[in-house]
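Okay, here's what each chain looks like letter by letter:
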Amino acid sequence: LIRLILLSILFISVGALFYYGLPYIQNTFIAPLERNTAEIQSLEAEIASLQTQLDEMNSRVAGLEESVNAHTTSIQQLEAIQATLETQLEESSNAVLLELKHEVMFTRALDVLARARLYLAQSNFGLAKADVQSARDLLVDLNSETNDRIIAQAIARLDLALGNLPKFPVVATGDLEIAWQILVSGKAPSTPTA
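Structural notes, computed from the coordinates. Here the structure is a predicted model, which means the values were calculated and not measured.

What counts and what doesn't
Residues numbered from 1 in each chain as written. Predicted model: local features only at pLDDT ≥ 70, side-chain atom pairs only at ≥ 80, totals over all residues. Heavy atoms only, no water. 1 Å grid on protein atoms, 1.4 Å probe; cavity = no way out; pocket = protein on both sides within 12 Å on 5 of 7 lines; lining within 4 Å. Points joined across faces, edges and corners; volume = space filled by probe spheres on them. Helix = DSSP H or I, 4+ residues; strand = E, 2+ residues; numbered from the N terminus. Nonpolar A, V, L, I, M, F, W, Y, C, P; charged D, E, K, R; others polar. Contact = heavy atoms within 4.5 Å. Phe/Tyr/Trp six-rings, centres within 6.5 Å; stacked < 30°, edge-to-face > 60°. Buried < 20%, exposed > 50% of the residue type's maximum accessible area, 1.4 Å probe, protein only. Lys NZ or Arg CZ within 6 Å of the ring centre and 35° of its normal.

Right, let's talk about the layout of surface pockets for a bit. If you add up the space inside the largest pocket, you get close to 170 Å³. Mapped onto the lining of the largest pocket, the elements with two or more residues apiece are α2 (95-121), α3 (125-146) and α4 (149-164). Counting residues per element, the lining of the largest pocket draws most heavily on α2, which supplies four residues. For the lining of the largest pocket, a count of residues per class yields five nonpolar, three polar and three charged.

Structure, rendered in structure tokens:
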């Protein structure tokens, strides 16, 4: 009878241990471990997503840098051509050479503005402002020889862009785009009527 009672107490104790002990072990050890595992998997997925976004941004930056380098090379070539044309113009006054010089100056200004637009896209406002200033100076030199109303309007827009850089890059980008459109289309933008 005592063995039976001890055996019953042992079975009841083991049953109570399982009944009360397993939920305690589940809540104390297993559930936090499962939550941590789920959080780690979620973080790994988020890290993989961020890595993909970083790779895409790096490829875009590389593309922008290639464009900047291409424009820089083009600008340097145009500077050399302009220097050669100016030397030839000093030797002989030729209307064709003068027109060609004006075209080279205009193309250089457009290339410098294109590079400034790329710098703005990269949020490199200091280099963008330097390029806008350089393009403005080229257009002022060109306008002093040609006295073109369209170029004068583009210069006015570039002055606005310079005034807004680097503090207000969004406004400067708008002015730069308008100046670009004026130069490319050869038309002044329509002004709204009252």
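Now that the structure has been shown, the text picks up again.
Moving on: the side chain of Asp-131. By secondary structure assignment, the location of Asp-131 is in helix α3. For Asp-131, the contacting residues outside a window of four places in its chain are Val-112, Arg-115, Ala-116 and Tyr-119.

For the rest of this paragraph, the subject is the packing of aromatic side chains. Scanning the model with the defined rule gives one aromatic pair in all. A ring pair is formed by Tyr-19 and Tyr-20, whose centres lie 4.8 Å apart and whose planes are at 85 degrees; its orientation type is edge-to-face. In this pair, the class of Tyr-19 matches that of Tyr-20, namely exposed. Sitting over the face of the ring of Trp-180, Arg-117 holds its NZ or CZ atom 4.5 Å from the ring centroid.

This paragraph deals with the environment of Leu-160. Tracing the sequence through the fold places Leu-160 in helix α4. Note: C-alpha distance between Leu-160 and Ile-81 (79 residues apart in sequence) is 30 Å.

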